[in-house]
Amino acid sequence: MQLSHTFASTSVLFDESNLVASAGLVPALALAESAGLDELADAHLSVGGDKGANAGAKVASLVAGMVAGADSIDDMDLLRHGGMGRVFIGAYAPSTLGSFLRAFTFGHVRQIDAVASRFLIGLAEQTPVTAGVEECALVDVDDSIYEVHGYAKQGSGFGYSGVRGLNGALATLSTPRAAPVVLAQRLRRGAAGSARGAKRLVADALSTLRQLRDPHSTGLVLVRADSAFYGHATIGTALRAGADVSVTVRMDTKVRAAIGTIPEHAWTTIEYPQAIFDERSGQWISRAEVAETPFTAFGSKAKRHQVSGRLVVRRVPELNPKAKQGQPDLFRLWRHHAFFTTTDATVMDTVAADQTHRQHAIIEQVHADLKNSALAHLPSGKFAANAAWLVLAVMAFNLTRAVGTLADHGLAKATTATIRRKLINVPARIASSARRLRLHLPDPWPWQKSWQDLFTRVADPPTAAAT
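Let me sum up the structure you'll find in this document.

Calculation rules
Residues numbered from 1 in each chain as written. Predicted model: local features only at pLDDT ≥ 70, side-chain atom pairs only at ≥ 80, totals over all residues. Heavy atoms only, no water. Pairing = 2+ DSSP bridges. Helix = DSSP H or I, 4+ residues; strand = E, 2+ residues; numbered from the N terminus. Right-handed = clockwise from strand over helix to strand, strands pointing away. Buried < 20%, exposed > 50% of the residue type's maximum accessible area, 1.4 Å probe, protein only. Polar contact = N/O pair within 3.5 Å; in protein donor to acceptor, adjacent residues only side chain to side chain.

Before going further, it helps to spend a moment on the pairing of strand 7 (residues 244-248). Here strand 6 (residues 220-225) runs beside strand 7; their pairing, made up of four bridges, is parallel. Residue pairing for strand 7: Val-223 is matched across the bridge by Val-245. Handedness of the crossover joining strand 6 and strand 7 through helix 8 (residues 232-240): right-handed. When strand 7 meets strand 11 (residues 334-341), the two strands line up antiparallel, connected through three bridges.

The following block contains the structure:
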């Protein structure tokens, strides 16, 4: 592709008042309204003073800006250009939205958590964003460090990653038929341990999940996590809520002893769908073996904290880096990776349990997606404002995911950036006829059918263009 030289450009004018840069916000916000975003925020948020006035409209503005690609408060100005004022009402200035966020306290953050939970339930009623939740619900819990710079950010610090930032924990829901959405979220101090507040996070996530499922549903609910969340408080919370768990365990003396009791004939060879690069040896590993043994977690705790289940172990060859130099192995060495699960062996055998547990890595894609979108920055110096920003980013993520499910099967599991590029950030010219607004979008647009399908489902059906 080259710049056209047929007509030499002599000037550039920013003078078109009937253009919008993100026409996809029209169906996206129509969906948000039908899911009750404005009403929920007005009903549950009690931010005082003039800064908290019209909370529903301000929350909708912030979510809309994030859906369109805003990752800072100043970026909210993208809602105030061209014909946006003709299509939308109440697009607040960035300064107003910043003052609104800075007025938040911890209690207000918990209130907007409630809004996010109910908003997801509303989206699930309007779209297939949680399709398959009745049959199998996979809840993943993990945290990540959201990097910040400077010393003005309240709560920032150096966590386990060695990077200055704030710690964001998520609980996501995925099903065999649906990509992840976020059930619950929490922002913690940068130096907080991964398990801090995990008990409450899991409780909130499973509470929302119960409202997403039929009360009589008997499908599997499985909470997956890594070893940082292996504790009786977190696991006990999940079990009391009726869920099973699949949590990586630390390789302590008790676990090693349990692995040592597994007979050699019990190991089952499994082939990975794709080879995995082993950083320690610098080689690719494409095979492994799995086995299991009965195990009681937290055996040193009081009887009420002990949990009976299965210890599923995957072992991979410990490759000899000197083998190429003519030094063969005298005997095979293995590296072991174990996790504890309470799933019934008749429902999920050893191989299936291992495959299912390894899919826990799907939550890392959600963290990466958020960091590539609204959480590229935590925009305020106040901790509560940044905590609210995280919740708003989650609502924008879930809304974008719901938009994708309505538009096209191929976009149902796409990243936020892909959905934004194909459906949201579509330029349009506004025209009016018979007291109705009409959007004129590019012709041809590669994803025209997907956009029209989305618009038809959530807004007034578009009228046929005049010929």
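What follows concerns the environment of Arg-314. Relative to the assigned elements, Arg-314 resides in strand 10 (residues 307-317). Its relative accessible area of 14% is what places Arg-314 among the buried residues. In this structure the C-alpha to C-alpha distance between Arg-314 and Ala-338, which are 24 residues apart in sequence, comes to 6.2 Å. Polar side-chain contacts of Arg-314 include one of 3.0 Å to the side chain of Asp-354.

Residue Pro-444 is reached from Asp-443 by a cis peptide bond, and omega for that bond is -5°. Phi at Asn-54 is positive, roughly 55°, even though this residue is not glycine. One non-glycine residue, Phe-298, adopts positive backbone phi at about 60°. Its location among the elements puts Phe-298 in the loop between strand 9 (283-297) and strand 10.

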